[in-house]
Amino acid sequence: MTMLGKTLTGRYKIVKQLGGGGFSHTFIAEDGYLPDRPACVIKQLKPASSQAEILKISRELFDNEAKVLYRLGRHECIPSLLAHFEEDEEFFLAQELIEGDVLTQEIKRGECLGEQYTIDFLTDILHTLDFVHRQQVIHRDIKPSNLIRRASDKKIVLIDFGAVKEVSTQPISQLGHTSSLVIGSPGYMPNEQYSGKTMFASDIYAIGVISIQALTGLLPN
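All values derive from a computational prediction rather than experimental measurement. (Residues numbered from 1 in each chain as written. Predicted model: local features only at pLDDT ≥ 70, side-chain atom pairs only at ≥ 80, totals over all residues. Heavy atoms only, no water.)

Engineer: Before we go on, may I ask you to explain the pairing of strand β5 (residues 81-87) in this structure?
Structural biologist: A regular strand places its side chains so that they alternate between the two faces of the sheet. As paired strands, β5 and strand β6 (residues 90-96) are joined by 6 bridges and run antiparallel to one another. By the bridge assignment for β6, F85 is matched with F92. Counted along the chain from β5 to the antiparallel partner β6, the turn is 2 residues long, and its residue D88 has a positive phi close to 55 degrees. (Pairing = 2+ DSSP bridges. Helix = DSSP H or I, 4+ residues; strand = E, 2+ residues; numbered from the N terminus.)

Okay, structure coming up:
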């Protein structure tokens, strides 16, 4: 069933699909509860099964991850969480819409952006990452398409935390235990992340790869 035109919880009217597939989709919505109906991002997370026990576990994971996103959203360079809710056995997050361009528009194959660009990039993103890590959170999927150059002040905003992906895609066994799931993007993950042993340094590795991309114009592979 198409989501376009649908209004969730009587508040968020879906006006455009941004992307997604499998267990999650992302949309632009209008917030009908606020003046001028401002736009926001809606993330739809579908549990792997509608079985009662799996829904219960998914709901607990979803609530925990929403608490993490709410805490992280206090930082000026992380989208704020506006709401989280459940409808028709699917879970939804409403988040601040960041106006700007993803860094894939800047960091391109064959283009060497130079030392000053890279220093400015590191100075900007490492302050945000320090905050994330002090909250005991690992992003797990830092790459140019998850970084937005905000139009209003040109600061880099970190989006799409991998932790949320775990809610929607986590396989759940018959015993109700969540199994290990590798989250990340090839080329930006260190070897330990491929084996499910993600650590704070994994995010630093990803930022290092992006910096090398900016300096050399080479793709991660």
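We are not done yet, so read on.
Engineer: Whenever I open this one, unusual backbone geometry confuses me. Can you help?
Structural biologist: Where the residue is not glycine, phi is negative for most of them; where a peptide bond is considered, it is trans in most cases. With a phi angle near 80 degrees, R140 is a residue other than glycine that sits in the positive phi range. Residue placement: R140 occurs in the loop between α2 (114-134) and β8 (147-150). Here the phi dihedral of K154 falls at roughly 65 degrees; this positive angle occurs in a residue that is not glycine. Summarising the element assignment, K154 is placed in the loop between β8 and β9 (156-158).

Engineer: Hey, could you run me through the packing of aromatic side chains in this one?
Structural biologist: Each aromatic ring pair is summarised here by two numbers: the centre-to-centre distance and the angle between the ring planes. One pass over the full model with this rule turns up 3 aromatic pairs. Between Y12 and F85, the aromatic rings sit 5.9 Å apart at their centres with planes inclined by 5 degrees, giving stacked as the arrangement. Highlighted residues: Y12 in strand β2 (residues 12-21) and F85 in strand β5, separated in sequence by 73 residues. Within the aromatic cluster, the residues linked to one another by ring pairs are Y12, F85 and F92. (Phe/Tyr/Trp six-rings, centres within 6.5 Å; stacked < 30°, edge-to-face > 60°.)

Engineer: Where do I start with the packing of α2 against helix α5 (residues 200-216) in this structure?
Structural biologist: For any two helices packed against each other, the geometry comes down to the angle between their axes and how far apart the axes lie. It is the contact of α2 with α5, at a shortest axis distance of 10 Å, that shows an interaxial angle of 165 degrees. By the angle class used here, α2 and α5 are roughly antiparallel. For the crossing formed where α2 meets α5, the hand is right-handed. For the pair α2 and α5, the contacting residues are G114, E115, Y117, T118, F121, L122, I125, L126, L129 and H133 in the first and F200, D203, I204, I207, I210, S211, A214 and L215 in the second. Along the lines of polarity and charge, the residues of the contact of α2 with α5 split into 12 nonpolar, 4 polar and 2 charged. (Axes fitted to C-alpha atoms, helices over the stretch in contact; angles between N-to-C directions. Parallel < 35°, antiparallel > 145°, perpendicular 65-115°, else oblique. Left-handed = near helix turned anticlockwise from the far one by under 90°. Contact = heavy atoms within 4.5 Å. Nonpolar A, V, L, I, M, F, W, Y, C, P; charged D, E, K, R; others polar.)

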